[in-house]
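# Observations on chain architecture
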Amino acid sequence: MSDLKKKYLKLIANAKDEADIESLRIQALGKKGEISLKMRELGKMKPDERKIAGPALNKMKDEISAAISAKKMALIDKAFDERLRAEWLDVTLPCRTVRHGSLHPVSQVREEVTAIFAEMGFSVAEGPQIETDWYNFDALNIPEHHSARAEMDTFYLKQFGQKNNPPRVLRTHTSPVQIRAMESFGAPLRVICPGRVYRADYDQTHTPMFHQVEGLALDVDISMANLKWVLEEFTKAYFEIEKIDLRFRASHFPFTEPSAEVDIRCSWEDGKLKLGEGDDWLEILGSGMVHPKVISAGGIDPDVYQGFAFGVGIDRIAMLKYGMPDLRAFFDSDLRWLRHYGFSYLDVPTLHGGLSRAV
Ligand code: DAH
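As a starting point, this report considers the structure included with it. As the structure is a computational prediction, the values presented were derived from the model and not from experiment. (Residues numbered from 1 in each chain as written. Predicted model: local features only at pLDDT ≥ 70, side-chain atom pairs only at ≥ 80, totals over all residues. Heavy atoms only, no water.)

## A closer look at the site of the ligand
The full set close to the ligand counts 15 residues, and H173, S175, R199, Q212 and E214 are the nearest of them. A distance of 2.6 Å separates an oxygen atom of the ligand from a polar atom in the side chain of E214. Note that an oxygen atom of the ligand is positioned 3.4 Å from one of the backbone N or O atoms of F310. Counting only elements with at least two residues in the shell around the ligand, the list comes to strand 5 (209–219), strand 9 (280–290) and strand 10 (306–313). Counted by class, the shell around the ligand contains four nonpolar, nine polar and two charged residues. (Near = heavy atom within 4 Å. Polar contact = N/O pair within 3.5 Å; in protein donor to acceptor, adjacent residues only side chain to side chain. Helix = DSSP H or I, 4+ residues; strand = E, 2+ residues; numbered from the N terminus. Nonpolar A, V, L, I, M, F, W, Y, C, P; charged D, E, K, R; others polar.)

## Some points on the nonpolar core
Counting residues in hydrophobic clusters, the biggest one holds 46 residues, and the most contacted among them are V113, F117, Y238 and F308. At the level of secondary structure, the elements contributing two or more residues to this core comprise helix 5 (105–119), strand 5, helix 9 (224–239), strand 7 (256–269), strand 9, strand 10, helix 11 (314–322) and helix 12 (335–341). The element that contributes the greatest number of residues to this core is helix 9, accounting for seven residues. (Core = buried A, V, L, I, M, F, W, Y, C linked by side-chain atoms within 4.5 Å. Buried < 20%, exposed > 50% of the residue type's maximum accessible area, 1.4 Å probe, protein only.)

## What about the packing of aromatic side chains?
Inspection of the entire model under this criterion finds twelve aromatic pairs. Summarising the aromatic geometry, the rings of F117 and F310 are spaced 5.4 Å apart at their centres and angled 25° between planes, so their arrangement reads as stacked. Within this pair, whereas F117 is found in helix 5, its partner F310 is found in strand 10, the two being separated by 193 residues in sequence. Both residues of the pair, F117 and F310, belong to the buried class. Their ring planes at 85° and their centres at 5.0 Å tell us that W134 and Y135 sit as a pair that is edge-to-face. On the basis of relative accessibility, which here comes to 36%, the residue W134 falls in the partly exposed class. On the basis of relative accessibility, which here comes to 13%, the residue Y135 falls in the buried class. (Phe/Tyr/Trp six-rings, centres within 6.5 Å; stacked < 30°, edge-to-face > 60°.)

Structure, rendered in structure tokens:
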């Protein structure tokens, strides 16, 4: 019997892996295993023989079983150590630059614009893209039957819910966020509101969905001069040029009085746009002093506070800065276009770090 024990202890000691140990377990302790068969023989023994052989056999079975378990654990530990040694990773290695994608020019420009205005103390406000016609029109001094409503090619939403729910539209501009910002934050106030807007229009420079950024500054002593300075600082920083010449052209918007469209001096030499010089003018935005009715609609007293507002097309100034000729391509999701005009997502635009770096 001790030969049997010796044999198995030796085999167990020499087992190389978990598979070895498992086959040894079956060979010794399995249903037809050597030790199991011996246990079965106990039945044929005489009682006094069995009295001695039984406990001895049980003890041996326990010992072999314990040896198998111990060896199994040791082999598992060993295999794990070997794996750890083989699968090391040097976390100090610099990562490889993998280009998974790039930032869409609209996102890039929105970040650039935000960085510039943040430097001038403007925070970012947002509003819903599905807007009531009150916020989109009435509060902005565009009453029903006003020609501006018709001009905006508005998408009206089907009346849903209760009958007396206010009519809703896809907002046609970011100007309603002026009202929402006034309601939420009161005055004094300096915000920009970037976002999507919608109009039923489609050609080389118009898409049914496009982007605007609204600006609003309210305080007790804000004038057109402040507006001009802010827009000059903005255009210089955005177009990344030292010298800029802006022209304020009298215009009309229901929500501002007086209203001005702002043009930037430019030249078109050999079809190439150059800003800051030349004899041409390029319209870039609409602006003005906020109409007292609009300030009232925002819940602020227009006898105390006044201010300026402006609205810029994000896609439009993206096209001008980065030389993209067709707005429709912005929203085609064509990977070739995105790879060509996209920006690195790791370069966050800041005024001190540089605004734009195409990839
Ligand atoms: N909301 C105007 C539009 O979409 C743009 C605009 C013009 C906004 C003048 C303003 C502003 O805040 O003062 O055409």
